[in-house]
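Listed below are the residues making up each chain.
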Amino acid sequence: MPPDVFGTGEGLPDPTVNSIASLPNGQVWMGTMQGLARQDGARLTHINGLPGMNGRAVHSVATSTDGDVYAAYESTGIFRLQHGVWASLGSPFGAQRSRRIRIIEVNGEQRIYATGDGVARWVGQHWQHLPLPVDMQGYEIFDIAVQAASDNQPETIWLGSFGAGLLRCITGQACTRVKITGAGPRTNEVRSLLLQPREDGQQALWVAMLGGGVARFQAGVWTRWSTANSSLPSDFVNDLAQVKPDPSHTEIWAGTRGGLAMMSNEQVWRTDHTASAQTQQTSRIRSISTHTTSQGQPTVWVGTDGGAMRIPLAGPWQVISTLGNDANGIWGLWVESVEDGQQRVWLATDGDGVARLEHGQWQHYGKAEGIPNQTVRSVLRVPNGSKQGSLWIGTWAGHVLRLQGDHFIEVATPWRKQDDESASLMLADNSDLWASSRTQGIAHWNGREWDWMPAGHEAPNRIYAAVKLGQDVWFSTLERGLARLRAGQWRYFQSNIGLPQDTLYDLRVITVDGHPQLWTGSNKHGLLRIDVSDPDQPRLITQPALPTLPIPLVYGALQDGAGDVLVCTDYGVFLWRATATGYTSTAYHRQDGLPHDECNGSAMQKDANGRVWIGTVGGAAVYTPWRNAARKPSQLIISDLMVDGNPIAMRGGVIQLPKRDSSLELKYSLLTGEKEAASRYRVQLSDVPAKRDPWGNADSHVLARLPSGRQHVRIEAMDFAGTLAAPIELTVDVPYLWWQTPVARTLMAMCLLLLFWAVLRLRLQHLRKQEDLLREMVKQRTAQLQASDGALRKANDDLHRLSYTDALTGLANRRRLFEALTSQFRNAQAQQRPLGVLMIDLDHFKQLNDSLGHLTGDRCLKEIAQCLLAQLPPQGLAARYGGEEFCVLLPGLDATASTAMAELLRRCVETMPTPCCDSHRPRLTISVGVAALAAGQSGPIHDADALLAAADRALYAAKDAGRNRVKTAQD
């Protein structure tokens, strides 16, 4: 699988990575030329712990099984991180640098060694130096390896030095130099040592040398490898590591100035591994460290001059070829079983002809084998009556060829061979062969010859895939949607069933709930599904909804042996797994083992073991289903805690905030060891479920202005496959304000109780006085009320009278008028008695006001009111209607009697002396409108308002007729 690359853009303080080590929990530590970095999850953090650590080169990093981290800094010595706290362990070699830290387990005991200007071991609280020969003074020690004591051999310490070569220190004996024998370059600069356990219980010693290649000491015999006698890419070897790609397979990896080299059991160095090819793009290899993911999958970390790389050694994807990588990769492939149960794979490449992989060996077919054009568009096996059938290929320029022995021979075709043409072959099932040209049409092979359907024919001009269901053959086409061929008749389905106007690519049958569905890729509309249970009425399927893809260009989909669907797109392959409500989606890209993110249409096939083989622009890969491998939860850790921008450590599992308004920043990581960018997180206050954040990729969170008291914070995480990690529960103590502290609240409560008691006492005293005073007041008031009862009744009568009387004239007011009119109208109807109404208006009253003033006008109104009162019958009611208008109710008077009364009132006003306005001309007169309800009448006057309106209309008629007159509603 291709490596993940980490450089300064990802957070490394410097691209030169001297050393790498990992902790059991999955954290990876890197020493660079400008400081220490930590990788956990998707984050790289530059570590600045104590003075003496900032900006200095870190030559070596080591980790212990109990979680401690050791770092050797230039000039300032060795620092240790233990329980989240950094401490200096001093400098074992004074002002001289420490070259390497090794933590070596010997008989169950972890020993901590430092090398440099000698060898020192950390014992208790100080460094204890290993005695070296006098002639070793001035030589730097680069590395150390400890061979535990056995029945026939005491403990042996191996040392690699710069200048003095290899040394051996046997317990109880002086250290001696060891000569590395065998042909090869110089051996005086030993950079790295490795002890490899052997099956016989012994150990082999591997030695990496600067300028001398690699040597191995096994069973008393030296074996050497250099560029002169092996594939080792360089004689300058910086580091060695023992790597186990799987439990049964062990490799030795060498990091050289020319890249990586690996040796397996065949005792041959190789550099053609995918990871090695990637590392060649950087400069020299400085360090190698092995690691496992949270799922136990092996990975290798490599430190180089150009950054750090993580190389996965296992995963669902395996690159099998990078043929065609310089062009469009693999256009087509064909996978078939051979007699021993293995798979034979045929690849149709862009520019590299045809390749066959069988039993781990590749065979290539090109021009020498009869292929006229090396861009091969398709490859498949066509039945021909024999047991195996015949392998056919279609190439650019329109050639179709079949394999005969080890040579391809031309198959005649009805279309022209030309430079812009190609031939794509497809099987509708295992026996029905179709071919499509780019521009000239399509053809069907009947076993002996082609049935040619040129462009413009009823058949589609170009097809991409074909499948056969019963008597029908279905095709995906360039421009006509979905095509069906039955008994020689073509039928097309596109907008008539809801398919978009788009190119359809690969076409596969996937059965869902017993219904056959056609799944096809498209250029602009993603993956489309058509239910063909009724082949005469295909139905576009939209539910359940499919997962959203990052790009709409989809080449096709295929089910693997576990029933999952692999969707091949222009940007990665996506695994869709059916659930009760739809599908989950997992994305795979180059960093997951694909040779390229862009698939090629129709280059997908499932083999007999359920694996899926695909062709991409960068080569071919095979996917092995992982449904049965249940994922284990990865570890979720807190990588940093910051309060108000300053790092803190938890004490007793509780985070203490210094201030009420302090902010708490949490940085957390899910240590998956793979696809960290796809991990998701969320944070919530446990006591406030509504505060839970949605799932997101943010791996930090700031909590500000938390409520006072003890708060509980819950951090949750899931990996790229949706596997939940064990959550982290944090307890945060937020200070109370002074008045919120328990002591302050207790004192305040006591003060409130005392205050309440004092107020209660005073209140009781006051209430007793008030009770006595109240008794006296009640006694006095009772007497006053008894005395004023008559006055109250009189006042009430006066108030009632005033509420019905016009203040100026003393007549009834408008309120009294309408109450009386309503009552009199009901009585008149009930008793079948007449009721007369007079509406009276003073003529020219505005002129009088304007000439003599409003006070004079008010006196005139009073005099006229007295005149009206003097002439009314006892049962009559005179009221001031408003301004200079009056209204008179005449119960019991019909229209004639009411008219007579109106005329009497008019003459009275006309002839009455008016001292207040005698000087005004014309004299003050009135106009009167008369309306009457006849006894038992059921005509147009149906209510009191109608009667009043009729009188009002008669009044306007009198005014229009010249004023100073009486008009009736009947006039």
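Residues numbered from 1 in each chain as written. Predicted model: local features only at pLDDT ≥ 70, side-chain atom pairs only at ≥ 80, totals over all residues. Heavy atoms only, no water.

Student: Would you take a moment to explain the overall build of the protein chain for this structure?
Tutor: Across its full length, the protein chain carries 7 helices and 69 strands. Here the C-alpha atoms of the protein chain give a radius of gyration of 53 Å, more than 25% beyond the 30 Å that 2.2 N^0.38 yields for 971 residues. With the C-alpha coordinates of the protein chain rotated into their principal frame, the extents come out at 160 × 95 × 50 Å. The 971 residues of the protein chain split such that 50% are buried. Accessible area for the protein chain stands at about 45000 Å²; split by element, carbon and sulfur atoms hold 50% of it. For the protein chain, the distance from the average site of its 93 positive side-chain charges to the average site of its 95 negative ones is 7 Å. (Helix = DSSP H or I, 4+ residues; strand = E, 2+ residues; numbered from the N terminus. Rg over C-alpha atoms; globule rule 2.2 N^0.38 Å. Buried < 20%, exposed > 50% of the residue type's maximum accessible area, 1.4 Å probe, protein only. Areas by Shrake-Rupley, 256 points an atom, 1.4 Å probe, with all protein chains shown as cover. Lys, Arg positive; Asp, Glu negative; His and termini not counted. Charge placed at Lys NZ, Arg CZ, Asp CG, Glu CD.)

Student: Whenever I open this one, the state of the cysteines confuses me. Can you help?
Tutor: Between two cysteines, a covalent bond joining their sulfur atoms is known as a disulfide. In the structure shown here, the tally under the stated rule is 3 disulfides. The disulfide partner of cysteine 169 is cysteine 175, and the S-S distance across this bridge is 2.0 Å. Looking down the S-S bond of the cysteine 169 and cysteine 175 bridge, the torsion is 115 degrees, so its handedness is right-handed. When its relative accessible area of 7% is taken as the criterion, cysteine 169 is described as buried. With its sulfur 2.0 Å from that of its partner, cysteine 568 forms a disulfide with cysteine 599. In this structure the cystine formed by cysteine 568 and cysteine 599 twists about its S-S bond by roughly -85 degrees; its chirality is therefore left-handed. Here cysteine 599 lies in strand S54 (residues 599-606) and cysteine 568 lies in strand S51 (residues 565-569), a separation of 31 residues in the sequence. Owing to a relative accessible area of 0%, cysteine 568 belongs among the buried residues under this scheme. (Disulfide = S-S within 2.5 Å.)

Student: How should the pattern of salt bridges be read in this particular structure?
Tutor: One side chain can pair with another of opposite charge once the charged atoms of both are near each other. This model, assessed by the stated rule, comprises 45 salt bridges. In this structure, the salt-bridge partner of glutamate 336 is arginine 381, at a minimum N-O distance of 2.6 Å. Here the residue glutamate 336 occupies a position in strand S30 (residues 330-337), and arginine 381 occupies one in strand S34 (residues 376-382), the gap between them amounting to 45 residues. Taken as a pair, glutamate 336 and arginine 381 share a single burial class, namely buried. Among the charged side chains, a salt-bridge network with shared partners connects Glu336, Arg344, Arg356, Glu358 and Arg381. (Salt bridge = Lys/Arg side-chain N within 4 Å of Asp/Glu carboxyl O.)

Student: Could you clarify how one ought to interpret the nonpolar core in this entry?
Tutor: Buried together is how nonpolar side chains tend to be arranged in soluble globular proteins. Judged by nonpolar contacts, the single largest core of 29 residues is most densely connected at Leu838, Ile840, Leu842, Ile864, Phe886, Val888 and Val928. When contributions to this core are tallied by element, the ones reaching two or more residues are strand S65 (835-842), helix H4 (845-852), helix H5 (854-871), strand S67 (885-891), helix H6 (895-911) and strand S68 (926-933). Counting residues per element, this core draws most heavily on H5, at 6 residues. Contacts of isoleucine 864, omitting those with residues within four sequence positions, involve Leu842, Phe886, Val909, Met912 and Leu924. Residues Ala348, Val376, Leu401 and Leu427 belong to the second largest nonpolar core, which totals 27 residues. (Core = buried A, V, L, I, M, F, W, Y, C linked by side-chain atoms within 4.5 Å. Contact = heavy atoms within 4.5 Å.)

Student: Explain unusual backbone geometry to me, please; I cannot follow it from the model alone.
Tutor: The general pattern is negative phi for most residues beyond glycine and trans for most peptide bonds. For the bond from glutamine 543 to proline 544, the omega torsion is 0 degrees, close enough to zero to count as cis. In the Ramachandran plot, alanine 219 falls in the positive-phi region, its phi being about 55 degrees despite a non-glycine side chain. Checked against the element boundaries, alanine 219 lands in the loop between strand S20 (213-218) and strand S21 (221-225). Under the relative-accessibility criterion, alanine 219 is labelled exposed at 63%. Unusually for a residue other than glycine, glutamine 832 sits at a positive phi of about 50 degrees. Relative to the assigned elements, glutamine 832 resides in the loop between helix H3 (814-831) and S65.

Student: Is there a simple way to think about the sheet that holds strand S3 (residues 28-32) in this case?
Tutor: Two pairing modes exist for strands in a sheet, parallel and antiparallel, and in both the strands are linked by backbone hydrogen bonds. The 4 strands lie next to each other as S2-S3-S4-S5, forming an open sheet whose pairing is antiparallel. The open sheet has two edge strands with one neighbour each: strand S2 (17-22) and strand S5 (43-47). Between one strand axis and the next, the sheet turns through 20 degrees on average, direction left out of account. Relative to S5, strand S4 (residues 35-40) runs antiparallel, the two sharing 5 bridges. Following the sheet pairing, glutamine 39 is matched in S5 by leucine 44. (Pairing = 2+ DSSP bridges. Axes fitted to C-alpha atoms, helices over the stretch in contact; angles between N-to-C directions.)

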